[in-house]
Amino acid sequence: MTVTSEATTLWFGDLTSGSGTTSLDSSDAAEFPVTWAARSEGVAGQTNPEELLGAAHSACFSMAFSNELSSAGFPPESLQVTAAVTFQPGEGITGSHLLVSAKIPDISEEQFERIAESAKQNCPVSKALAGVPITLEASLA
């Protein structure tokens, strides 16, 4: 079954002084203010496309990693995944860094690292981000 997910942004004004809101069409409660300043300088309380992309990347990697671990006989107790997506004005998105802390019984460090790397390469959002470097820092808790 194919699923299409949507988000909508309503923008007013020019790039630098304008502002908008991005909403996730799946939820009436998920609406985020967005501005150029939040994207290029970081403004508390406002999101940006890179933060939303980081949310997508961390969720996708978590699912892919959990699936690969379970398929290999190591179902995780828990995974904590942060995706830090970097934006450079004038250059664009320059990378995504996955930071992982995992509780997985009976797995060796070598198995853990091999499966984490595979999940990084095979997660659909990682594949969509093929044009930027993706780094991985994973540890067993």
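This write-up is about the structure you can find in this document. Computed from a predicted structure; not experimentally measured. Here the residue numbering is sequential within each chain, running from 1 through the sequence in written order. With the structure being a predicted model, the display of local features is reserved for residues of pLDDT at least 70 and the display and counting of side-chain atom pairs for 80 or more, all residues being used for whole-chain, interface and lining totals. Excluded from the side-chain calculations are hydrogens and water; all other atoms, namely the structure's heavy atoms, are used.

1. Brief notes about the overall build of the chain
And then number 1: Here a helix means four or more residues in a row that DSSP labels H or I, a strand means two or more in a row labelled E, and each is numbered from the N terminus. In terms of regular secondary structure, the chain is built from four helices and six strands.
And then number 2: Starting at the N terminus, the α and β elements of the chain follow one another as β-β-β-α-α-β-β-α-α-β.
And then number 3: Here the C-alpha coordinates of the chain stretch approximately 55 × 35 × 25 Å along the principal axes.
And then number 4: Any two residues having at least one pair of non-hydrogen atoms within 4.5 Å are treated as being in contact. The long-range share in the chain, meaning contacts at least 24 apart out of those at least 6 apart in sequence, stands at 49%.

2. Observations regarding the pattern of salt bridges
And then number 1: For this document, the term salt bridge refers to a Lys or Arg side-chain nitrogen within 4 Å of an Asp or Glu carboxyl oxygen. Summed over all chains, the structure comprises two salt bridges.
And then number 2: As a salt-bridge pair, Glu-50 and Arg-39 come within 2.6 Å of each other at their nearest N and O atoms. With Glu-50 in helix α2 (residues 49–71) and Arg-39 in helix α1 (residues 36–40), the pair connects residues that are eleven residues apart, well separated along the chain.
And then number 3: Its relative accessible area of 28% is what places Arg-39 among the partly exposed residues. Any residue under 20% of the maximum accessible area for its type is buried, any over 50% is exposed, and the rest in between are partly exposed; the area is computed with a 1.4 Å probe on protein chains only.

3. Details of the sheet that holds strand β6 (residues 134–140)
Each strand in a sheet pairs with another by means of backbone hydrogen bonds, the pair being arranged parallel or else antiparallel.
And then number 1: Taken together, the three strands give an open sheet; going across it, the order is β4-β5-β6, and neighbouring strands pair in mixed fashion. Strand pairing shows two members of the sheet lacking a second neighbour, β4 (78–88) and β6, which therefore form its edges. Averaged over neighbouring strand pairs, the angle between their axes works out to 15° when direction is ignored.
And then number 2: Strands pair, by our definition, only if DSSP identifies at least two bridges between them. As defined by bridge partners, β4 adjoins strand β5 (residues 92–103) across eleven bridges and the pair is classed as antiparallel. By the bridge assignment, Ala-84 is partnered in β5 with His-97.
And then number 3: Here the axes come from fitting lines to C-alpha atoms, over the contacting stretch only for helices, and the angles between their N-to-C directions go from 0 to 180 degrees. The sheet strands contacting α2 are β4, β5 and β6, and the helix crosses β4 at an angle near 145°.
And then number 4: Helix α3 (residues 109–122) contacts β5 and β6 of the sheet and is inclined by roughly 150° relative to β6.

4. Concerning the sheet that holds strand β1 (residues 7–12)
And then number 1: As summarised here, the arrangement of the three strands in space is β1-β2-β3, forming an open sheet in which the pairing is antiparallel. Bordering the open sheet on either side are β1 and β3 (31–35), each of which pairs with just one other strand. Taking each pair of neighbouring strands and ignoring which way they run, the sheet shows an average axis angle of 20°.
And then number 2: Pairing of strand β2 (residues 19–24) with β3, which is carried by five bridges, proceeds in the antiparallel orientation. Note that in β3 the partner of Gly-20 across the bridge is Val-34.

5. A few points about α2
Helical geometry note: an α-helix holds 3.6 residues per turn, so side chains three or four residues apart project in the same direction.
And then number 1: Under the convention used throughout, the expected extent of a helix is 1.5 Å for every residue step, that is, one less than its residue count. Counted at 1.5 Å a residue, the expected span for α2 with its 23 residues is 33 Å, and the 33 Å between its end C-alpha atoms agrees.
And then number 2: In the core, the buried residues of α2 are packed alongside α1, β4, β5, α3, α4 (124–128) and β6.
And then number 3: The backbone nitrogen of Glu-50 lies 3.0 Å from a side-chain oxygen of the residue at the head of α2, namely Asn-48.
And then number 4: Positive phi shows up at Gly-73, right after α2, with a value of about 90°. Here a polar contact is recorded for every N or O atom pair within 3.5 Å, except that within protein the pair must consist of a potential hydrogen donor and a potential acceptor, and residues adjacent in sequence are included only if both atoms are side-chain atoms.

6. Description of the nonpolar core
In summary, soluble globular proteins display a tendency toward joint burial of nonpolar side chains.
And then number 1: In terms of nonpolar packing, the biggest core is built from 22 residues, with Phe-61, Phe-65, Leu-69, Ile-104 and Ile-107 touching the most fellow members.
And then number 2: Of all the secondary structure elements, the ones that give two or more residues to this core are α2, β4, β5 and α3.
And then number 3: The element contributing the most residues to this core is α2, with five residues.
And then number 4: The residues contacting Leu-69, other than those within four sequence positions of it, are Phe-74, Pro-75, Pro-76, Leu-79, Ile-104, Ile-107 and Ile-115. In this description, a nonpolar core means a group of buried Ala, Val, Leu, Ile, Met, Phe, Trp, Tyr and Cys residues linked to one another through side-chain atoms lying within 4.5 Å.

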